[in-house]
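Chains, contacts and geometry: an overview
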Protein chains: 2
Amino acid sequence: MIKILVDAMGGDNAPAAPIEGAVKALENDKELYIILAGRQEVIEAELAKYNYDAARLEIMDCRDVIDMNDIPTEAIRKNESSLVRSFRLLKNDAEVAGLVTAGSTGATIAAGQLILGRIRGIKRPALCPAIPNIRGSYTLLCDCGANAECKPAMLCQFAVLASAYASAGFGINNAKVGLVNNGTEEHKGDPLHQQTYQLLKKMDVINFEGNIEGRDIMIGDVDVAVCDGFSGNIALKSIEGCGKLILSVLKKEATSSLSSKIGSLFLMKGFRRMRARLDFEAVGGALLLGVKKVVIKSHGSSKARTITASIENAANIYRGNLIGKVEDMLSRVDWDNLIPKEE
Amino acid sequence: MIKILVDAMGGDNAPAAPIEGAVKALENDKELYIILAGRQEVIEAELAKYNYDAARLEIMDCRDVIDMNDIPTEAIRKNESSLVRSFRLLKNDAEVAGLVTAGSTGATIAAGQLILGRIRGIKRPALCPAIPNIRGSYTLLCDCGANAECKPAMLCQFAVLASAYASAGFGINNAKVGLVNNGTEEHKGDPLHQQTYQLLKKMDVINFEGNIEGRDIMIGDVDVAVCDGFSGNIALKSIEGCGKLILSVLKKEATSSLSSKIGSLFLMKGFRRMRARLDFEAVGGALLLGVKKVVIKSHGSSKARTITASIENAANIYRGNLIGKVEDMLSRVDWDNLIPKEE
């Protein structure tokens, strides 16, 4: 039995999408047990639409909701909100394996840090989405926005965290790690990236392959792309914008005339495979790495299938022993020796 | 008559592509006069393949070539190289309007700065490509990689430079300017971007619309996306990688079976329009902004049609009076008052 908490009130499509997503996940994975956090009557009304195994689902009644406009540090003082109560339960109940929320990113990071807490030795948590790549697998982009300002030691920890995720979530041991920089040569980048390069090179616990460029996130050969949170966020969102533009142009062209409509019918299967291949949401949202349990932040616009994928991925990562793997890898780095002084 | 210099030896496909591209540009634009810089005998052998108006083409015989492996600051000491001699001619001959090269980016920036020179008042030149956007026009991304380390004053100048480019190159006056940040709220970003936001807000000479995210480069509503050169480079290359991945998957699916091949035939026109719509190279390469003349750095892998587009765009930008517009806009900013002290 794997217990996963689902924030029923988080995201643009709440409560319908998180609840439908949870029901579907229960159906797919008989080992799952789900706790839905949110207003009891709202959740019950939604649940009434579905058949589900009631023995594996419970509701944690929470009377308050965090708004997307709430400032994160203030939001996490909303003690009765579904998000804050979820993080408290996650911290205090050893049986709860993980949390999925499509709510405020800032509040999720703040609550992860301040309520759940960081894994011992971790300086700052990081957000890590899985980006589809040309090899038909995923590149783990870490950090994609939790930390606008980074130091070299933080980037070294992002490399460890995402390598542990590659192992726990995707069965990739000794994941290939690249540092996202403005060129592949060793001397490239600003001082942050130059210093980080030198440190990553010295770390035996990861498999560092050198600098990579933005294009290598999708068409390169690494499993982990280490980024400062500022440029990682810009990379992720640039990719998102590019994907949306191309697919919208393709859609328009595919339906622009009778001839294109006929063509599209013949290409239906191919288009479908293409969509599956490029699906950002096949593994759900971004993993919040560095905190003491599995926390997945799903996109604010998540539909039910993304929530389902996030829940299944959370269970999968838990089975893969993410936290144990992070702790093990961290213990094998002599941080004081690697990064002297105040760093 | 508009005289454009073309580096016949620069890029992966030199000398064939630059020379074919130049011949084609001469044919398209009867006002053009082209000077091909490179080894005379090599250029003559290539030119022998084409019919062209010999009265509008001359060769500047240069015996040396800059290699992609040369370190930029050393490369520009190669006095007899096609690139260095081109920049010297550009500086010294008032009749030469601009330069197109697909050679080393680093050497082009260094030569632009050290040989041709910056426009009075400009702190650092910037590279500015035109990215296709959802409105069917282009977003000017400035800087995309000339400056890995930036200060707020530099980003303010990038906004001015790219706004002048929007006017001179695309006829867009009062271009909408966005600052690429890790979120749209005013307080977002690291200190560099927070400070830059406050300065851009005060500048009357540009039309600042606030922060934008990476996705807005392609699907947003601004004409100019201001970036520090580090994250700008990562944004540009992430977009490139995403585009390549999607188009390669599409290509594979479109030819994967008999049915998809039939579908593709029906969709041929649509695919072609789509390709044109998403064509990064329709306006050629990135403009090197902030130097005293029009310099376009075409992608190292440029084919002939990209060189042609770069040449035509250089002439177009010259006709639009880029340098005059930059000088005029710069003169309307009270820099000492905007950015006090050592900034």
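The coordinates are above.
The notes below deal with the structure included here. One numbering rule holds for all chains: residues counted from 1, following each sequence as written. Labels follow written order: the first chain is A, the first ligand is 1, and so on. In view of the model being predicted, local features appear only for residues whose pLDDT reaches at least 70, and side-chain atom pairs are presented and counted only at 80 or more, with totals across whole chains, interfaces and linings using the full set of residues. The basis for the side-chain values is all heavy atoms of the structure; hydrogens and waters are excluded.

Section: the state of the cysteines
Put simply, the rule reads: The criterion for a disulfide is a pair of cysteine sulfur atoms lying within 2.5 Å. Buried means the residue's accessible area, taken with a 1.4 Å probe over protein chains only, is under 20% of the maximum for its type, while exposed means over 50%, and partly exposed covers the values in between.
If you walk through the whole model with that rule in mind, you get zero disulfides over all chains. No disulfide involves A:Cys156; its sulfur sits 11 Å from the nearest other cysteine sulfur, which is in A:Cys150. Take A:Cys156: its relative accessible area is 0%, and that puts it in the buried class. In this model B:Cys128 remains outside any disulfide bridge; the closest cysteine sulfur is found in B:Cys142, 4.4 Å from its own.

A short note on the pattern of salt bridges
Put simply, the rule reads: Basic side-chain nitrogens of Lys or Arg form a salt bridge, by our definition, when they fall within 4 Å of a carboxyl oxygen of Asp or Glu. Secondary structure elements are taken from DSSP: a helix is a run of H or I of four residues or more, a strand is a run of E of two residues or more, and numbering for both begins at the N terminus.
Inspection of the entire model under this criterion finds 42 salt bridges over all chains. A:Lys201 is the salt-bridge partner of A:Glu186, the closest N and O atoms lying 2.9 Å from each other. A residue pair is termed long-range when its members are at least 10 positions apart, and A:Glu186 in the loop between strand 8 (176-180) and helix 7 (191-202) and A:Lys201 in helix 7 qualify at 15 residues. On the basis of relative accessibility, which here comes to 46%, the residue A:Lys201 falls in the partly exposed class. Connected through shared salt-bridge partners, A:Glu213, A:Arg215, B:Lys237, B:Glu240 and B:Lys244 make up one network.

As for the packing of aromatic side chains
Stated formally: The pairing test for Phe, Tyr and Trp rings, Trp by its six-membered ring, is centres within 6.5 Å, and the orientation test on the planes gives stacked under 30 degrees, edge-to-face over 60, and tilted for anything in between. Two conditions define a charge located above a ring, namely a distance within 6 Å from the ring centre to NZ of Lys or CZ of Arg, and an angle within 35 degrees of the ring normal.
Within the structure shown, the criterion is met by seven aromatic pairs over all chains. Each ring, one from A:Tyr138 and one from A:Phe170, has its centre 5.7 Å from the other, and the planes form 40 degrees; the classification is tilted. Here the residue A:Tyr138 occupies a position in strand 7 (residues 138-142), and A:Phe170 occupies one in helix 6 (residues 152-170), the gap between them amounting to 32 residues. Accessibility expressed as a relative area gives 27% for A:Phe170, which makes it partly exposed. Summarising the aromatic geometry, the rings of A:Tyr165 and A:Phe170 are spaced 5.5 Å apart at their centres and angled 50 degrees between planes, so their arrangement reads as tilted. For A:Tyr165, a relative accessible area of 0% corresponds to the buried category. Taking NZ or CZ as reference, B:Lys3 lies 5.1 Å from the ring centre of B:Tyr33, over its face.

Regarding the sheet that holds strand 5 (residues 126-128) of chain B
All names here are of chain B. Quick reminder of the rule: Two strands are counted as paired when DSSP detects at least two bridges linking them. Axis angles are defined between N-to-C directions and span 0 to 180 degrees, where every axis is a line fitted to C-alpha atoms and, for a helix, only to the segment in contact.
What the seven strands build is an open sheet, ordered 3-2-1-4-12-11-5; its pairing is mixed. Every other strand in the sheet has two partners, leaving strand 3 (57-61) and strand 5 as the edge strands with one partner each. With strand direction ignored, the average angle separating the axes of adjacent strands in the sheet is 25 degrees. Judged from the three bridges that link them, strand 5 and strand 11 (residues 286-289) form a sheet pairing that is antiparallel. Its bridge partner lying in strand 11, Ala126 is registered against Leu289.

Concerning the interface of chain A and chain B
Formally: Contacts are residue-level and defined by heavy atoms, with any inter-residue pair within 4.5 Å sufficient. In the analysis that follows, any N or O atom pair within 3.5 Å is treated as a polar contact, provided that within protein one partner can donate a hydrogen and the other can accept it, and provided that, for residues neighboring in sequence, both atoms belong to side chains. In the scheme used here, Gly and all other residues not listed as nonpolar or charged are polar, with Ala, Val, Leu, Ile, Met, Phe, Trp, Tyr, Cys and Pro taken as nonpolar and Asp, Glu, Lys and Arg as charged.
Taken residue by residue, the interface counts 56 residues in chain A and 56 residues in chain B. For the pair chain A and chain B, the interface holds six salt bridges. Here A:Lys237 and B:Glu213 are joined by a salt bridge, their closest N and O atoms 2.4 Å apart. Taken together, chain A and chain B are joined by 12 residue pairs in polar contact (both at pLDDT 80 or more). Take the side of chain A that touches chain B: its biggest share by element is 22 residues, from helix 9 (residues 229-254) of chain A. Looking at side-chain class alone, the side of chain A that touches chain B contains 25 nonpolar, 19 polar and 12 charged residues.

What about the packing of helix 9 (residues 229-254) of chain B against helix 10 (residues 258-277) of chain B?
Residues and elements named next belong to chain B. Between helix 9 and helix 10, whose axes approach to 10 Å, the crossing angle comes to 145 degrees. For the pair helix 9 and helix 10, the contacting residues are Leu247, Leu250, Glu253 and Ala254 in the first and Ser260, Lys261, Ser264, Phe271 and Met274 in the second. For the contact of helix 9 with helix 10, the residue count by class is five nonpolar, two polar and two charged.

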